[in-house]
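A structural walkthrough
So the chains spell out like this:
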Amino acid sequence: RLLRGFVRDFSHAPRRLRELMSANDREGLAALIHSVKGSASYLSSRALFAMGDALEHAARTGDLDHIHRELPRYADRLERLIADVRAGIEALRAKTSASSPNFDPQRVLDDIHRVGPLIEQGDYAAMSILEHIRNAVQGTTHEALAQSAQVHFEELALTSATAALDQLETEL
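Summarised in this report is the structure supplied together with it. (Residues numbered from 1 in each chain as written. Predicted model: local features only at pLDDT ≥ 70, side-chain atom pairs only at ≥ 80, totals over all residues. Heavy atoms only, no water.)

1. Brief notes about the side chain of K37
Formally: Secondary structure is summarised from DSSP: a helix means a run of H or I of at least four residues, a strand means a run of E of at least two, and numbering begins at the N terminus for each. Exposure is judged per residue with a 1.4 Å probe applied to protein chains only, and the accessible area is read against the type maximum: over 50% gives exposed, under 20% gives buried, and values in between give partly exposed. Polar contact criterion, stated in full: a pair of N or O atoms within 3.5 Å, where within protein one must be able to donate a hydrogen and the other to accept it, and residues adjacent in sequence count only if both atoms are side-chain atoms. In this analysis, two residues are considered to be in contact whenever any of their non-hydrogen atoms come within 4.5 Å of each other.
Among the secondary structure elements, K37 is positioned in helix α3 (residues 26-42). Assessed through its relative accessible area of 10%, K37 is described here as buried. Looking at K37, its side chain comes within polar contact range of the side chain of D53, at 3.0 Å. With near-sequence residues (within four places) excluded, K37 lies in contact with F49, G52, D53, E56 and Y74.

Quick look at the structure:
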C-alpha cells in the first residue's frame with residue numbers, strides 16, 4: 001500500500017521537477033523536493049534523500065547553478081526508483097496472484113458485506129479486506145473496481161469507496 005501510494009503520488013514528479021527548473025520556480029522546486037525527500041526517507045533511499053536535501057537547500061538559497069547541474073540527475077534517479085518500485089509491486093502482485101485460490105465470486109461478495117460497515121466508520125481494518133478483495137479479483141474484469149475502492153479508501157473518500165464496492169457487488 002505504501003509503495004502504491006509512492007508511485008501514485010510521485011509518478012509525475014520527475015517531469016514536474018524539470019518543468020519547475022525550466023521556469024526557475026525555486027519555491028515550487030523546494031516544495032516538491034521536500035515532499036519527495038520525505039518519501040525517499042521512508043523508502044530508505046539515502047542517496048535520493050541526500051541529493052534532495054542539497055537541492056532543496058539550493059532552491060531555498062537561490063543556488064541556480066547547483067540546481068541546473070544536479071536536478072537532472074536527481075529526476076533521473078527518482079524515475080529509476082519509481083520504475084523499481086513499480087516492478088516490485090508487479091512482482092509481489094504476480095506472486096500473490098499465483099498463490100491465491102481461484103476466483104470465487106461468493107467469497108468476494110461476503111468480503112464486500114463485511115467491509116461495508118468498516119468503510120462507513122473509516123475503520124482502518126477495512127484496508128486488509130479491501131486488499132483481499134483486490135487480490136481475489138485480480139486478472140478479472142472486476143479488478144479496476146476493487147482497486148478503485150481501495151484507492152478511494154486510502155484517500156479517505158469513503159463515499160466513493162462504498163460506491164465502487166456497490167458497483168462491484170452489482171457486477172458479481
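2. As for the side chain of Q150
Relative to the helices and strands, Q150 is located in helix α8 (residues 143-154). Taking relative accessible area as the criterion, Q150 reaches 1% and is therefore assigned buried. When sequence neighbours within four positions are dropped, the list of residues in contact with Q150 reads R4, M127, L130, E131 and R134.

3. Brief notes about the packing of aromatic side chains
Given two aromatic rings, their pairing is described by the distance between the two centres and the angle made by the two planes. Applied cut-off: Here a Phe, Tyr or Trp ring, Trp counted by its six-membered ring, pairs with any other such ring whose centre lies within 6.5 Å, and the pair is stacked when the planes are under 30 degrees apart, edge-to-face when over 60, and tilted otherwise.
The full count for this structure, using the stated rule, is 1 aromatic pair. With centroids separated by 5.4 Å and ring planes inclined at 45 degrees, the aromatic side chains of F6 and F10 adopt a geometry described as tilted. Placement of both F6 and F10 in helix α1 (residues 2-10) is noted, with a separation of 4 residues, approximately one turn of the helix. F10 carries the same exposure label as F6, and that label is buried.

4. Quick look at the pattern of salt bridges
Test applied: Each salt bridge in this description consists of a side-chain nitrogen of Lys or Arg and a carboxyl oxygen of Asp or Glu lying within 4 Å of one another.
What the rule picks out here adds up to 16 salt bridges. Across the salt bridge formed by R16 and E19, the nearest N and O atoms sit 3.1 Å from each other. One end of the pair is R16 and the other is E19, both in helix α2 (residues 13-22) and 3 residues apart, which spans about a single turn. The partly exposed category is assigned to R16, whose relative accessible area is 39%. Accessibility expressed as a relative area gives 34% for E19, which makes it partly exposed. Here K37 and D53 are joined by a salt bridge, their closest N and O atoms 3.0 Å apart.

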